[in-house]
Amino acid sequence: MFGPRAWDLLSALAGDLLEPIPLVFEEADLRIVRPTCILEDVFDTELSKFKRFPSSGRIMAIDRFVLREPPSGFPLIFRLDPDISGEVFVNQDFCEAVDRLGLVGAEFR
């Protein structure tokens, strides 16, 4: 969740890569963000460690992500195909910018 100051900074940083989703609270102006960039074909099924549902073959859980970097590099913030994962990914430039902007509370691994 992000307040107005954090949203202003993040939207200036990532532009149309983020979609704000307002939360309705009487006591606070907050929003969550959803990355709009979905990368296809970067999830490496050979090197990643994951489990599939036996019945459908769809991905059940991922223990280790391995992503193939696209020729243009990874965008600041992105998601994978929702059938693979709902996780949000950020690149190193995004992590450094968040730190430089003084935004606190985000954890990157």
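A few points on the structure. What you are looking at is a predicted structure, and each value in this text was computed from that prediction instead of being measured. (Residues numbered from 1 in each chain as written. Predicted model: local features only at pLDDT ≥ 70, side-chain atom pairs only at ≥ 80, totals over all residues. Heavy atoms only, no water.)

### Thoughts on the side chain of S85
Alright, step 1. Position of S85 relative to the elements: it lies in the loop between β6 (77-80) and β7 (88-90).
Alright, step 2. A residue is classified by how much of its surface remains accessible, and S85, at 9% relative accessible area, is buried.
Alright, step 3. A polar side-chain atom of S85 sits 3.0 Å from the main-chain amide nitrogen of E87.
Alright, step 4. Sequence-distant contacts of S85, defined by excluding residues within four places in its chain, comprise I62, F65 and L80. (Helix = DSSP H or I, 4+ residues; strand = E, 2+ residues; numbered from the N terminus. Buried < 20%, exposed > 50% of the residue type's maximum accessible area, 1.4 Å probe, protein only. Polar contact = N/O pair within 3.5 Å; in protein donor to acceptor, adjacent residues only side chain to side chain. Contact = heavy atoms within 4.5 Å.)

### Concerning the packing of aromatic side chains
Alright, step 1. Applying the stated criterion across every chain yields a total of 6 aromatic pairs.
Alright, step 2. Among the aromatic residues, those joined into a cluster by ring pairs are F43, F50, F65, F74, F78 and F89. (Phe/Tyr/Trp six-rings, centres within 6.5 Å; stacked < 30°, edge-to-face > 60°.)

### Brief notes about the pairing of β6
Alright, step 1. With burial as the criterion, each face of β6 is covered, one bearing I77 and R79 and the other bearing F78 and L80.
Alright, step 2. Pairing of β6 with β7 involves 3 bridges; the strand directions are antiparallel. When the sheet's bridge partners are listed, R79 is paired in β7 with V88. (Pairing = 2+ DSSP bridges.)

### Considering the sheet that holds strand β3 (residues 38-39)
Alright, step 1. With respect to topology, 3 strands assemble into an open sheet ordered β3-β6-β7, the strand pairing being mixed. Of all strands in the sheet, those bounded by a partner on one side alone are β3 and β7.

### Structural notes on unusual backbone geometry
Alright, step 1. The backbone phi angle of D41 is positive, close to 65°, even though this residue is not glycine.
Alright, step 2. Following the sequence through the fold, D41 ends up in the loop between β3 and β4 (49-52).
Alright, step 3. Accessibility expressed as a relative area gives 67% for D41, which makes it exposed.

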